[in-house]
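# Architecture at a glance
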Amino acid sequence: MAAAMASAAERAVLEEEFKWLLQEEVHAVLKQLQDILKEAAHRFALPASGSGGAVKQENFVLGTSGTDQVKGVLTLQGDALCQADVNLKMPRNNQLLHFAFREDKQWKLQQIQDARNHVNQAIYLLMNRDVNYQFKTGSEVLKLMDAVMLQLSRARNRLTTPATLTLPEIASSGLTKMFTPALPPDVLVNFYINLNKLCLTVYQLHVLQPSTTKNFKPAGGSILHNPGAMFEFGNQRYEVSHVHKVECVVPWLNDALVFFTVSLQLCQQLKDKISVFSSYWNYRPY
């Protein structure tokens, strides 16, 4: 009898704790998540409150720990490269090539655009309820956390996982038409985000003559193609002879990645607390 009473009392305490968790702590965590993600949105120049304002331009100097074949300055404005000024030293004859974006062109960085959109969606999920709304079940909270974590994971993955492209895809990209003077036919360029860095890869090409004895094997998709990679474009076969990769750190991208990590941890911690209640005496609030 005493044991039964103790069990009932423990269950009552547990139910009271769970009620407090749903009514108080969940809302505190959601508010914390909103604040963190609004900071992340601010880094992406995404006005969380809908207020406008021009996005400032930032200049970044490209660098590498290897050779100095490629040097340049990139101008970033939010999710757009609005200027690229690049010098390329050709290894065959040490000829110095200079190319820059045309004044009427800018290049949208889809990775930043997508990450920003996922952050915005996560904020929408967190705010999409009446201010006095009360959660009634643990499963309701878990469902919300899963949805928010999905958006945050997608935002992070867009910055940490550049797209894999084939060389013909790079060659046919609108990026090749951005420059003045026009890029020579034996040079390809690609811009992408990798973690907190803005990267530029320059491929120098060698035309494969029809009489070549090389066994032609077209390269597949890759983030970074190596020398020796072959491809066909415009009825002409090419081989990559030199690859130059230069990059610059974008501090606010690093901030955004930290915000994503902290937010994902908060979501998981809340999920863990909800799950604890389901493990006691088969107590299942959801």
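Just above sits the structure.
Here goes a summary of the coordinates provided. Everything quoted here is computed from the prediction, not taken from an experiment. (Residues numbered from 1 in each chain as written. Predicted model: local features only at pLDDT ≥ 70, side-chain atom pairs only at ≥ 80, totals over all residues. Heavy atoms only, no water.)

## Some remarks on the pairing of strand β7 (residues 187-194)
Our working definition: Only protein chains enter the accessibility calculation, which uses a 1.4 Å probe. A residue is then buried if its area is under 20% of the maximum for its type, exposed if over 50%, and partly exposed in between. What counts as a helix is a DSSP run of H or I of at least four residues, what counts as a strand is a run of E of at least two, and both are numbered from the N terminus. Two strands are said to pair when DSSP picks up at least two bridges between them.
Among the eight residues in β7, seven count as buried, and that is most of the element. Count of turn residues in the β7/strand β8 (residues 197-208) antiparallel hairpin: two residues, of which L195 carries a positive phi of about 60°.

## Some thoughts on the packing of aromatic side chains
How we decide: Aromatic contacts are taken between Phe, Tyr and Trp rings whose centres are within 6.5 Å, Trp giving its six-membered ring; a plane angle under 30 degrees counts as stacked, one over 60 as edge-to-face, and the others as tilted. The criterion is that NZ of a Lys, or CZ of an Arg, lies within 6 Å of the ring centre and within 35 degrees of the ring normal, and then a charge sits over that ring.
Enumeration over the complete set of coordinates arrives at seven aromatic pairs. In this structure an aromatic cluster arises from ring pairing among F99, F101, F179 and F191. Taking NZ or CZ as reference, K136 lies 5.7 Å from the ring centre of Y133, over its face. Above the ring of F216, the side-chain terminus of R237 is found at 4.0 Å from the ring centroid.

## Here we look at the pattern of salt bridges
To keep it simple, the criterion reads: By convention in these notes, a salt bridge is any Lys or Arg side-chain nitrogen within 4 Å of a carboxyl oxygen on Asp or Glu.
Enumeration over the complete set of coordinates arrives at 12 salt bridges. Note that D114 and R158 form a salt bridge whose closest N and O atoms lie 3.0 Å from each other. Of this pair, D114 sits in helix α2 (residues 110-127) while R158 sits in helix α3 (residues 138-160); the two residues are 44 residues apart in sequence, bridging distant segments of the chain. In this structure D114 comes out as buried when scored by relative accessible area, which is 19%. For E232, the salt bridge goes to R237, with nearest N and O atoms at 3.7 Å.

## Side note on the environment of A155
The cut-off we apply is this: Two residues form a contact once any of their heavy atoms are found within 4.5 Å.
When you line up the elements, A155 lands in helix α3. Considered as a pair, A155 and F260 are 105 residues apart in the sequence and their alpha carbons are 8.0 Å apart. Apart from the residues lying within four places of it in its own chain, the contact partners of A155 are A115, H118, V119 and F260.

## Quick look at α2
Using the following cut-off: Helix span, as expected, comes to 1.5 Å for every residue beyond the first.
Taking 1.5 Å of rise per residue, the 18 residues of α2 would be expected to cover 26 Å, and the 26 Å separating its terminal C-alpha atoms lies within 8% of that figure. Turning to α2, its buried residues are Q111, I112, Q113, D114, A115, R116, H118, V119, A122, I123, L125 and L126.

## Overview of the sheet that holds strand β9 (residues 230-233)
Inclusion rule: Comment: axis = line fitted to C-alpha atoms, over the contacting stretch for helices; angle = value between 0 and 180 degrees taken between N-to-C directions.
In spatial order, the strands read β7-β8-β10-β9; together these four strands make up an open sheet with antiparallel pairing. On the outer flanks of this sheet lie β7 and β9, each paired with one strand and no other. The mean angle between the axes of side-by-side strands here comes to 40°, regardless of whether they run parallel or antiparallel. Pairing analysis gives 12 bridges linking β8 to strand β10 (residues 236-249), with the strands arranged antiparallel. Note on β10: the bridge partner recorded for C199 is E247.

## Section: α3
Between the first and last C-alpha of α3 there are 32 Å, a value that for 23 residues agrees with the 33 Å anticipated at 1.5 Å per step. Within α3, burial applies to G138, V141, L142, L144, M145, V148, M149, Q151, L152, A155 and L159.

## Description of the state of the cysteines
For clarity, the cut-off: Disulfides are defined in this document as cysteine sulfur pairs within 2.5 Å.
As enumerated under the stated definition, the model contains zero disulfides in all. Lacking any disulfide linkage, C199 is separated from the closest cysteine sulfur, that of C248, by 7.8 Å.

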